[in-house]
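Chain by chain, the residues run as shown.
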Amino acid sequence: NFGDISSYDSAFSVDAFDIAITNNCSDSHEIWLELTVADSSGQQWVDSISLMCHAPVIELHDSYFPGFVKYTTAGDTNQLFVELINNGSYYAENVSATLLCNDSFYTAVDSVAEYGTINSNAVCINDTNPFIIISHDQAPQCYPVECMLAITSGVYADTLPFTFYVGTKDFLVWDPDPNHTSGPSIFQTLVNLGFRGEYAINFPAELVSLYRSLFVCCGVYPDNFIIRDTSTAAVALEEFMILQNGRVYLEGGDVWVADPQAFQGYDFCPLFDVEPVSNSIGLFPAVSGQTGTFTQNMAFLYQGEFTMLDYIDTTSGSMLIFKNTHNDYGCGVAANNRTVGLSFELGCLVDTVPPSTRYILLDSIMDYFGIVPTGIAEYQASESITSPYMHITPNPSRSAVKFSVYGVVSSTPSSLCIYDICGRLVK
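Below you will find a few notes about this structure. (Residues numbered from 1 in each chain as written. Predicted model: local features only at pLDDT ≥ 70, side-chain atom pairs only at ≥ 80, totals over all residues. Heavy atoms only, no water.)

Counting its regular elements, the protein chain contains six helices and 26 strands. The globule rule puts the C-alpha radius of gyration for 427 residues at 22 Å, and the 30 Å found for the protein chain is more than 25% above it. Dimensions of the protein chain, computed from C-alpha atoms along their principal axes, come out at roughly 105 × 65 × 40 Å. Split into buried and exposed, the 427 residues of the protein chain put 41% on the buried side. Long-range contacts, defined here as pairs at least 24 residues apart, represent 67% of the contacts in the protein chain between residues at least 6 apart. Total accessible area on the protein chain stands at roughly 22200 Å², and carbon and sulfur atoms take up 52% of it. Between the averaged position of the 13 positive side-chain charges in the protein chain and that of its 47 negative side-chain charges there is a distance of 13 Å. (Helix = DSSP H or I, 4+ residues; strand = E, 2+ residues; numbered from the N terminus. Rg over C-alpha atoms; globule rule 2.2 N^0.38 Å. Buried < 20%, exposed > 50% of the residue type's maximum accessible area, 1.4 Å probe, protein only. Contact = heavy atoms within 4.5 Å. Areas by Shrake-Rupley, 256 points an atom, 1.4 Å probe, with all protein chains shown as cover. Lys, Arg positive; Asp, Glu negative; His and termini not counted. Charge placed at Lys NZ, Arg CZ, Asp CG, Glu CD.)

In structure tokens form, the structure reads like this:
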């Protein structure tokens, strides 16, 4: 009630309209209200009022184990850190998160973490109150554990899915080379050797720690890929090698000399103990392995581009593993059982008689890295499980559900039955 309002005047009511906004109203949602004003003579005026709602929006920013890795070792008890970010326009107060997962390869010792207040556009981590988990010692290699994080903050509530891994994979082949000359061949050969890994054209920077070794193929000029010194890939590769002691194979015609000196390429030479000499190695008909190294007695013809192959040499901490047969210039360097760098494309080597085959060469590189195939070992471990384990995701779910069953011998007839809450057979 506003009482009388004189001409060209305004009035303020001591009464207020009472409104209630639902708990699940989204951030920055605009609510339109219609205001109808009437006086005692029966006249009416209609206008609109707009209200902007503000709320927190909590999302998963990152998750990792100590050392910023994405995996925990099978059978270990470990701390799990989860970063939350508030992308809403209002602060979130007394934020609490509960880890939900029914995977039989996982047990939560401490599944609740308190985050306190998370301001708008701020990131918060449970570093003083990490989740504590135990992974099953019979979990398959690089097994994905799919969880849900239940978030509460006052009336705000949400559930966020995320995945962590138990164990690592043997390798990742990252193949940004536009011609894909070596990548597919390296990947298939490693798989045939019994190693477990993946092939990617786009670099999965956030998941690099899941792999024990990386094989990077940059190609040869003019169809080469340059890893820029400010790129996400360069930072991730550096962290993988320095912080996680990862094994890396890197090939590229201009990676060592031309790219870092003239094209803002990342300088990998210090990490690989490579001495850059020249951006041209001359004619390149064949390569020869070096005595006393894992390439001893290897000799390959080379059928690929060679107009701009880098001439590289060793430092005090590395060894020469390949030379150009035309002029004895270095084109392959290995160091500390951790790195192998080539200035030519492995996919262009021509197999002759053993040990001069790409199959033996890649097996020798993995042996030099100290990585043994896990494919067979994993099969034997799964056969030894005496009772099945079931992984259901997402849970709870409103639509599709994925069932994964482990520990069932494929030669034994098996069935999966789904019942409703009353015990009726559904499927």
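Regarding helix α1 (residues 183–192), the residues found buried are G183, I186, T189 and L190. One side of α1 carries all its buried residues, which in axial view fall inside an arc of 140°. Of the surrounding elements, those touching the buried residues of α1 are β13 (171–174), β14 (197–200), β15 (213–217), β16 (247–251) and α5 (358–369). (Arc of directions from axis to C-beta.)

With that settled, the discussion passes to the pattern of salt bridges. The final tally for this structure, using the stated rule, is four salt bridges. Of the charged contacts in the structure, one is a salt bridge between K169 and E198, with a shortest N-O distance of 2.3 Å. One end of the pair, K169, is in the loop between β12 (156–166) and β13; the other, E198, is in strand β14, with 29 residues separating them in the sequence. Its relative accessible area of 14% is what places K169 among the buried residues. Among the salt bridges present, the one from D351 reaches R358, with a minimum N-O distance of 3.7 Å. For D351, a relative accessible area of 36% corresponds to the partly exposed category. The exposure class assigned to R358 is partly exposed, which follows from its relative accessible area of 22%. (Salt bridge = Lys/Arg side-chain N within 4 Å of Asp/Glu carboxyl O.)

The subject of this paragraph is the nonpolar core. In terms of nonpolar packing, the biggest core is built from 36 residues, with L190, F215, V340 and F344 touching the most fellow members. For this core, the secondary-structure elements that each account for two or more residues are β13, α1, β15, β19 (299–302), β21 (319–324), β22 (330–335), β23 (339–342) and α5. Among the elements that take part in this core, α5 stands out by supplying six residues, more than any other. With residues up to four places along the chain from it excluded, the contact list for V340 reads V248, Y249, L250, F272, F294, I321, V333, A334, I365, Y368 and F369. (Core = buried A, V, L, I, M, F, W, Y, C linked by side-chain atoms within 4.5 Å.)

Turning our eyes to something else, we now look at the sheet that holds strand β8 (residues 112–118). Ordered by their spatial adjacency, five strands build an open sheet running β4-β12-β11-β6-β8, and the pairing between neighbours is mixed. Each edge of the open sheet carries a strand with a single partner, namely β4 (71–72) and β8. Pairing of strand β6 (residues 92–100) with strand β11 (residues 143–153), which is carried by five bridges, proceeds in the antiparallel orientation. Within the sheet, the bridge partner assigned to T98 lies in β11 and is A150. (Pairing = 2+ DSSP bridges.)

Residues F17, I19, I21, L33 and I49 make up a contiguous nonpolar surface patch of roughly 480 Å² in combined accessible area. As for its position among the elements, F17 is in the segment before β1 (30–38). Take F17: its relative accessible area is 66%, and that puts it in the exposed class. (Patch = residues over 30% accessible without salt bridge, like charges linked within 9 Å, V, L, I, M, F, W, Y side chains within 5 Å.)

Scanning all chains against the criterion turns up 23 aromatic pairs. On the numbers, 4.9 Å between centres and 85° between planes, the contact of F284 with Y302 is edge-to-face. Here F284, found in the loop between β17 (274–278) and β18 (286–289), pairs with Y302, found in strand β19; they are 18 residues apart in sequence, far enough to count as distant. Looking at F284, the relative accessible area reads 2%, which means it is buried. For Y302, a relative accessible area of 6% corresponds to the buried category. Aromatic pair F284 and F344: ring centres 5.7 Å apart, planes at 40°, arrangement tilted. Linking F284 in the loop between β17 and β18 with F344 in the loop between β23 and β24 (349–350), this pair joins segments that are 60 residues apart in sequence. No difference in accessibility class separates F284 from F344, as the two residues are buried. Here a set of aromatic residues connected by ring pairs shows up, and it is made of F215, Y249, F294, Y368 and F369. (Phe/Tyr/Trp six-rings, centres within 6.5 Å; stacked < 30°, edge-to-face > 60°.)

Moving on: the sheet that holds β14. Hydrogen bonds between backbone atoms are what pair the strands of a sheet, whose relative direction is either parallel or antiparallel. Across the sheet, 10 strands lie side by side as β14-β13-β15-β16-β23-β22-β21-β18-β19-β24; this open sheet has mixed pairing. The open sheet has two edge strands with one neighbour each: β14 and β24. Note: β18 against β19, three bridges, orientation antiparallel. Bridging from a neighbouring strand, V287 pairs with F300 of β19. The strands touched by α1 within the sheet are β13, β14, β15 and β16, with β13 carrying the most contacts at an inclination of about 165°. (Axes fitted to C-alpha atoms, helices over the stretch in contact; angles between N-to-C directions.)

Glancing now at the pairing of β23. A two-sided burial pattern is seen for β23, the buried positions comprising T339 and G341 on one face and V340 and L342 on the other. Summarising the sheet, β22 and β23 pair through four bridges and their orientation is antiparallel. Looking at β23, one finds that A335 is bridged to T339.

The next point concerns the environment of E146. By secondary structure assignment, the location of E146 is in strand β11. When the C-alpha atoms of E146 and D18 are compared, they prove to be 44 Å apart, with 128 residues separating the residues in sequence.

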